[in-house]
Amino acid sequence: MPLPVLQTTSVLYRRILSHFPQDISLAFAYGSGVFRQSGTTQGQMGNNMLDFVFAVDDPVTWHTMNLMQNRKHYSFLKYLGPRQISNLQGNHGAGVYYNTLVPCDGRVIKYGVISTDALIEDLHHWKTLYVAGRLHKPVKILVQDESVRLCAALGSNLKSAVTAAFLMLPESCSIEDLFVQIAGLSYSGDFRMLIGEDKAKVLNIVKSNMPHFHNLYGSILQECSQVVYKPQQGKLEVDKSPEGQFTQLMGLPRNLQQEITRLVDPPGKNRDVEEILLQVAQDPDCGLVIQQGQPACPSVHVSAFTGYKRC
C-alpha cells in the first residue's frame, strides 16, 4: 500500500531534493523539523534540522553520483570511494549511511541512505527496526516509486505495528493509547527513554499529530478482525483471548518471533516457533514478553561529518 502523501508539493522539499541524484525509490522527511510536537512553535520548527531518508536501488551508483554533485557533504570517507562507503553502509549499524549538518536552501539537513533491499527487509522482518520504526510514525513522503515489493513492505510494516501494539495493550483502550504504543515501538531498546531523558517525547509526537496517525492506521483498524474499532468514541476493544493472541503472535515480523522464541524456550529444548507462540498466547504477561523481544534500534550507524558546503 502506498503511504499517505502529506503535502508533498512544498517548494522547500522539492528544492532540497533537486540537489541529489534522482534515482531514489523512496524519500521521506521526518522529525521535529517536519512535524510539530507539543510545546513547539512554528518558529522553533523552522530552526530545527530537517531529517531525510533516501532508499536507493544501487547504493554504489548513487554514492558515485552524489560524490560528484555533493562531495563536501562527506567526511574523510569520501577518499575511500563509493564502493567502500556502500560497504560501510550495508555492513554496520542499521544499514544507513548519514551525512549530517549539511546547509541546504537556508536550512540545515541530514540525510540517510539505505538500499531498497535493506529497507524492504527491515519493513517486513524488523531486522533493526531503525527505518521501519521511523515509518510507524507520520512522515512526509516526497518520492515513492511504483514497486509492488516496496508498497507491500510498507503496508506490512504498518500492520505489524498495529499487531504488536495490540499484544501490549489491555482489552479496552483509547485510540490515542494505541498510537502511543505504536509510536513507542522503535524506542523500546533506547535506554534514554527508559531513564527519562524525554519520557514525554512519544506522547508529544502523538498528541500533536493525531490526524496524521488516523490517516496512517484508520483503514487498517477498520479492516482488522482482531479489534472492535469505534472511531466516533475514540475507543478500541482488542481480542485478548488466547486464540486471538495466538493469531496476533503468528502475524508478527519474523525477527520478533525469533527473539520471543529465544526468550521463552529453555536452551536445548528446540521447540518449533508455533508451539512456543501458542504458549506465550496463554501467558498473562504476554505483552511484557513482546516488549522484551523487540529489537534494540542501533544507536550507532555510519555517519559522516559534513564539510559544510552549501547546496
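Presented here is a report on the structure given in the accompanying data block. A quick note: this is a predicted structure, and the numbers were derived from the prediction, not measured.

Right, let's get into the environment of Val180. With respect to the helices and strands, the residue Val180 is situated in helix H8 (residues 175–184). You can call Val180 partly exposed: its relative accessible area is 24%. Measuring from C-alpha to C-alpha, the distance between Val180 and Lys137 comes to 9.8 Å, with 43 residues separating the pair along the chain. Those residues in contact with Val180, other than ones at most four positions away along the chain, are Val202, Leu203 and Val206.

Now for the nonpolar core. Ranked by size, the top nonpolar core spans 65 residues in total, and within it Tyr217 and Leu249 carry the most contacts. Looking at which element gives the most residues to this core, the answer is helix H7 (residues 148–168), with 11 residues. Once you skip the residues sitting within four places of it in the chain, Leu249 turns out to touch Leu167, Gln257, Ile260, Leu277, Val280, Ala281, Cys286 and Ile290. In this structure, Phe35, Phe54, Leu77 and Cys104 belong to the second largest nonpolar core, which totals 25 residues.

Before going further, it helps to examine the pairing of strand S2 (residues 50–56). Of all 7 residues that make up S2, 7 are buried, and the element is covered over most of its length. Of the two faces of S2, the one holding Leu50, Phe52, Phe54 and Val56 and the one holding Asp51, Val53 and Ala55 are both buried throughout. With 5 bridges connecting them, strand S1 (residues 26–30) and S2 associate as antiparallel partners. Paired with Tyr30 across the two strands is Asp51, which belongs to S2. Relative to strand S4 (residues 107–115), S2 is paired through 7 bridges, and the arrangement is parallel. Across the sheet, Ala55 pairs through a bridge with Ile114, a residue of S4.

Criteria and thresholds
- Residue numbering note: each chain is counted from 1, following its sequence as written.
- Restriction of local features to residues with pLDDT of at least 70 applies here, the model being predicted, together with a cutoff of 80 or more for giving and counting side-chain atom pairs; totals for whole chains, interfaces and linings are based on all residues.
- Water and hydrogen atoms were dropped before computing side-chain values, which therefore reflect all heavy atoms in the structure.
- Put simply, DSSP marks the helices as runs of H or I at least four residues long and the strands as runs of E at least two long, and each gets a number from the N terminus on.
- Only protein chains enter the area calculation, which uses a 1.4 Å probe; residues under 20% of their type maximum are buried, those over 50% are exposed, and those in between are partly exposed.
- In this analysis, two residues are considered to be in contact whenever any of their non-hydrogen atoms come within 4.5 Å of each other.
- In these notes, a set of buried Ala, Val, Leu, Ile, Met, Phe, Trp, Tyr and Cys residues joined through side-chain atoms within 4.5 Å is what counts as a nonpolar core.
- Two strands make a pair as long as DSSP finds a minimum of two bridges between them.

From the geometry alone we can't say anything about function, so treat these as descriptive.
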